[in-house]
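Residue-level structure breakdown
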Amino acid sequence: MLKVEDIYAAYLQKLNEENQTKRYEGKEHWFHASSSGMCMRKIYYNSVEQVEGSGIDNNTMRLFRLGDLVHGDIQDALMLHAKKKKVDILIEKEIKMKDINVRGFFDICIVDDDAMYDIKTCNSFKWKFLFGRTKDPEPAENYALQLGTYAYWYQNKYDIKLKKLALLYYNKDTSLMREVNVPISFIDKAYSYWEDVNERFKIGVPKVELGIAPAYEWECNVKYCQFYDHCGGGLKGISKWRKK
């Protein structure tokens, strides 16, 4: 008997392999702009050692696909609007910064407004800490650094100063959408972050150190890191070693 879940999983795996081939094959040495502000050991294993990581489980693959579909719909809507209203909007534009070895694709730049956006899908739990009464006391900066990385490239490529950076959040549980403005200062912060990455990598793989490798404690998890085993378990691995 056919199992629909398995068929869908195979389909998503095929899409993922095609995307990896199209976007990353032959370009494995580049650092990914989407990794801005994340675990530096993970960046090192991915782009310097080019370790083959563990596979992505089916549930995570479905979550990624949902994010891709939301991205695609919003970007298609913007391009249709641009065509009708004769405004200049860029989507999914590739960036390359050879001096810091960073490559990626930004989501949206509304050229006429000098505004750049990055689309982020989240669940209601994350949404609550973003927009509810109880705000996250230590909000993660990785998304802001990612957007700042794209913005740094854009400003230098076109010699234009952006006036607005924003994260566009889409709640996967309720379909609510809201923006979070990102300070323009993150453009320079992002470049400094990647300069730091390059300097650290001259020595070799960064040591396990919370705030750097990993940047956040939750990253050291087999679900979120395809290099968890290769790394030795990150923070948990260090903890076990110290106990011994």
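Data block above holds the structure.
Residues numbered from 1 in each chain as written. Predicted model: local features only at pLDDT ≥ 70, side-chain atom pairs only at ≥ 80, totals over all residues. Heavy atoms only, no water.

All told, the structure shown has one cavity of 30 Å³ or more when counted by the stated rule. As a volume, the largest cavity reaches approximately 110 Å³. If you go around the largest cavity, you meet 14 residues; those closest to its centre are Cys-39, Glu-219, Cys-220, Cys-225 and Cys-231. When residues of the lining of the largest cavity are traced back to their parent elements, those giving at least two are α2 (40–47) and α7 (228–231). With three residues, α2 is the single largest residue contributor to the lining of the largest cavity. Per-class residue counts for the lining of the largest cavity are nine nonpolar, two polar and three charged. (1 Å grid on protein atoms, 1.4 Å probe; cavity = no way out; pocket = protein on both sides within 12 Å on 5 of 7 lines; lining within 4 Å. Points joined across faces, edges and corners; volume = space filled by probe spheres on them. Helix = DSSP H or I, 4+ residues; strand = E, 2+ residues; numbered from the N terminus. Nonpolar A, V, L, I, M, F, W, Y, C, P; charged D, E, K, R; others polar.)

An α-helical segment advances 3.6 residues per turn. Residues three or four places apart therefore align on the same side. With 16 residues, helix α6 (residues 186–201) extends 22 Å from end C-alpha to end C-alpha; this agrees with the ideal 22 Å at 1.5 Å per step. Within α6, the full set of buried residues consists of Phe-186, Ile-187, Ala-190, Tyr-191, Tyr-193, Trp-194, Val-197 and Phe-201. The buried residues of α6 occupy an angular sector of 150 degrees when projected down its axis, which confines them to one face. (Expected span 1.5 Å × (residues − 1). Buried < 20%, exposed > 50% of the residue type's maximum accessible area, 1.4 Å probe, protein only. Arc of directions from axis to C-beta.)

Turning to a nonpolar patch on the surface, a few remarks are in order. A cluster of nonpolar residues, Ile-56, Leu-63 and Phe-64, forms a patch on the protein surface that exposes about 250 Å² of accessible area. Position of Phe-64 relative to the elements: it lies in helix α3 (residues 58–85). On the accessibility criterion, Phe-64 (46% relative accessible area) is partly exposed. (Patch = residues over 30% accessible without salt bridge, like charges linked within 9 Å, V, L, I, M, F, W, Y side chains within 5 Å. Areas by Shrake-Rupley, 256 points an atom, 1.4 Å probe, with all protein chains shown as cover. Salt bridge = Lys/Arg side-chain N within 4 Å of Asp/Glu carboxyl O.)

This paragraph deals with unusual backbone geometry. Excluding glycine, most residues fall at negative phi; most peptide bonds, likewise, are trans. Of note, the amide linkage connecting Ala-213 to Pro-214 takes the cis form, showing an omega dihedral of 10 degrees. Among the secondary structure elements, Pro-214 is positioned in the loop between α6 and α7. With a phi angle near 50 degrees, Glu-92 is a residue other than glycine that sits in the positive phi range. By the element assignment, Glu-92 lies in strand β2 (residues 89–97).

For the rest of this paragraph, the subject is the side chain of Thr-149. Relative to the helices and strands, Thr-149 resides in helix α5 (residues 142–158). The exposure class of Thr-149 is buried, given its relative accessible area of 1%. At 2.8 Å, the side chain of Thr-149 and the backbone oxygen of Leu-145 are in polar contact. Ignoring sequence-local partners within four residues, the contact set of Thr-149 consists of Ala-33, Ser-36, Ile-95, Met-97, Val-102, Ala-190 and Trp-194. (Polar contact = N/O pair within 3.5 Å; in protein donor to acceptor, adjacent residues only side chain to side chain. Contact = heavy atoms within 4.5 Å.)

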